[in-house]
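A look at the structure
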Amino acid sequence: MSKTRKFRLGAFIQSTGHHVSAWRHPDAQIDAGFNFEHYKEITQTAQRGLFDAVFLADSPGVWGGEPETQKRNGKLVHFEPVTLFSALSSVTQNIGFISTASTTYEEPYTLARKFASLDHLSKGRAGWNVVTTGNENAALNFGLEHHPEHSQRYERAEEFVKVVKGLWDSWEDDAFIRDRESGIYFEPDKLHILNHKGKHFSVKGPLNVGRPPQGYPVIVQAGASEAGRDLAARTAEVIFTANQTLADAQEFYADVKGKLAQYGRSPEDLKIMPGTFPIIGRTEEEAQEKYEFLQSLIHPDVAWGILKNYYKGVDLSKYSLDDLAPELPSDTNNNKSRLKLVRDLATRGTLTLRQLYLSLATARGHRTILGTPESIADQLEEWFNNGAADGFNIMPPILPTGLDDFINLVVPILQKRGLFRTEYEGSTLRENLGLRRPSNQFAVKQANERLVLA
């Protein structure tokens, strides 16, 4: 008998919460970005809720914006994710840690080293969210005058991931024999020197960290442009995506899963988890009141800042917030898939500028759902059962209470329906996600060569 398919759940943590003005809410932890006890509390809450992982987005630079907008941003500064997760791994046992790190502004060797270290420190609970970075301001922090072009960033990313995996395979799992009697610490034939020379990188190796407990930390990706979809089909094991409608989510799910076979992969090798921003009330009216109160916290400067972020090069001074949203630019060197999603959102509903910024203020284009716990569970189950999702990346509006509400009120309903676990399946992130552990590529090659010679 086959096992019943279960939800995968991630907790997408953004300091005070995902709403653009969450820090102003009386229930938010106002100093969350620097508060370790805050992150400890919400991570332990996610573990209590049997979530697969907590996830942190990150950028190698402060996001831009006009001073009037920036001074109202309660999420501008925060901990570096791998450092934070290393500390959190010591106060948790089961929850996974998925950290964002940039292939555009980091180097493969240092990234491979820190993620291998996190995987060892957490005993197999690390994941790497591979991003090419959409923040143009980051270039100036790394001696560059211009942010690299979108196509160049993805070309570099493909080689970057290949190098990192090669470095994680520097040592075979049983290379370190540590034999006091003979004085041999490791078996030399189980050490593999990468000697990579490519278009973007020249990396000799080996890595000075042993092979990660999971073989590789789980590879996560979030891009949904054509280049992003292809990179995900080749390399990703989890995708965090943004979709507004069931039809859009189904198209994305079928397209990316359909690309896997050409890379020798099966649909089970990749979990697709759309972002979801839930506002939960004990009644529908209470949920609506919570939503309206959150939206009332948005200062007009912040509202215009949200719009200007997407209307690059467009003079918005001649518009009022009650005018119909003008046509958005058709291209960007930042996040192409997000711009497309916002364009679709604006044109599909013929929104005013006010309606558009209110839609983006909650979850930046991810799906916002309101309702009772039963209604929230129904809305998630519909996507799960209709070829749109393998699970969801939950984006609490405010923290810590938004995550508390989901775990206390929605998770028990999903468990009662047989859609979500009642205990962790394993001790590593891979085991809990139902992902296979990769073999060491060099050990496999050597074994195949021995078979040919035999």
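Residues numbered from 1 in each chain as written. Predicted model: local features only at pLDDT ≥ 70, side-chain atom pairs only at ≥ 80, totals over all residues. Heavy atoms only, no water.

1. Quick notes on the overall build of the protein chain
When helices and strands are counted, the protein chain shows 15 helices and 11 strands. At 23 Å, the protein chain has a C-alpha radius of gyration in line with the 22 Å of a compact globule built from 454 residues. Its C-alpha atoms give the protein chain principal-axis dimensions of roughly 75 × 55 × 40 Å. At a minimum sequence separation of 6, the contacts of the protein chain that also span at least 24 residues come to 77%. As displayed, the protein chain has an accessible area near 20,400 Å², and 51% of this comes from carbon and sulfur atoms. (Helix = DSSP H or I, 4+ residues; strand = E, 2+ residues; numbered from the N terminus. Rg over C-alpha atoms; globule rule 2.2 N^0.38 Å. Contact = heavy atoms within 4.5 Å. Areas by Shrake-Rupley, 256 points an atom, 1.4 Å probe, with all protein chains shown as cover.)

2. Thoughts on the packing of aromatic side chains
Counted according to the given criterion, the structure contains 17 aromatic pairs. Relative to tryptophan 168, the ring of tryptophan 128 lies with its centre 6.3 Å away and its plane at 90 degrees, an arrangement referred to as edge-to-face. With tryptophan 128 in strand β4 (residues 126-131) and tryptophan 168 in helix α5 (residues 150-168), this pair connects stretches of sequence that are 40 residues apart. For the residue pair tryptophan 128 and tryptophan 168, the accessibility class agrees, reading buried in each case. Taken together, the aromatic side chains of Phe115, Trp128, Phe160, Trp168, Phe201 and Tyr216 make up a single cluster linked through ring pairs. (Phe/Tyr/Trp six-rings, centres within 6.5 Å; stacked < 30°, edge-to-face > 60°. Buried < 20%, exposed > 50% of the residue type's maximum accessible area, 1.4 Å probe, protein only.)

3. Observations concerning the pairing of strand β9 (residues 271-280)
The buried fraction of β9 amounts to 10 of the 10 residues, a majority that puts the element mostly inside the structure. Burial along β9 is two-sided: the face carrying Lys271, Met273, Gly275, Phe277 and Ile279 and the face carrying Ile272, Pro274, Thr276, Pro278 and Ile280 are both buried. Crossover handedness for the path strand β8 (residues 238-241) to helix α7 (residues 246-259) to β9: right-handed. Across 2 bridges, β9 lies against strand β11 (residues 391-394) in parallel orientation. What sits directly across from glycine 275, in β11, is asparagine 393. Where β9 meets strand β10 (residues 367-371), 5 bridges bridge the pair, whose relative direction is parallel. (Right-handed = clockwise from strand over helix to strand, strands pointing away. Pairing = 2+ DSSP bridges.)

4. Things to note about the environment of serine 202
Locating serine 202 in the fold gives a position in strand β6 (residues 202-203). In the structure, serine 202 is positioned 242 residues away from valine 444 in sequence and 23 Å away in space, judged by C-alpha atoms. Contact partners of serine 202, with chain neighbours within four places excluded, come to His196 and Lys197. For serine 202, the side chain forms a polar contact with the side chain of lysine 197, separated by 3.4 Å. (Polar contact = N/O pair within 3.5 Å; in protein donor to acceptor, adjacent residues only side chain to side chain.)

5. Describing helix α6 (residues 226-235)
Those residues of α6 not exposed but buried are Gly228, Arg229, Leu231, Ala232, Ala233 and Thr235. Against α5, β7 (218-221), β8 and α7 lie the buried residues of α6.

6. Thoughts on unusual backbone geometry
Glycine aside, negative phi is the norm for most residues, and most peptide bonds take the trans geometry. Backbone torsion omega between glycine 205 and proline 206 reads 0 degrees, so that peptide bond is classified as cis. Take proline 206: it is sitting in the loop between β6 and β7. Leucine 399 connects to proline 400 through a cis peptide bond whose omega is 10 degrees. Along the polypeptide, proline 400 turns up in the loop between β11 and α13 (401-416). Backbone geometry places lysine 123, a non-glycine residue, at a positive phi of 60 degrees. Looking at where lysine 123 falls in the secondary structure, it is placed in the loop between α4 (108-121) and β4. A relative accessible area of 67% places lysine 123 in the exposed class.

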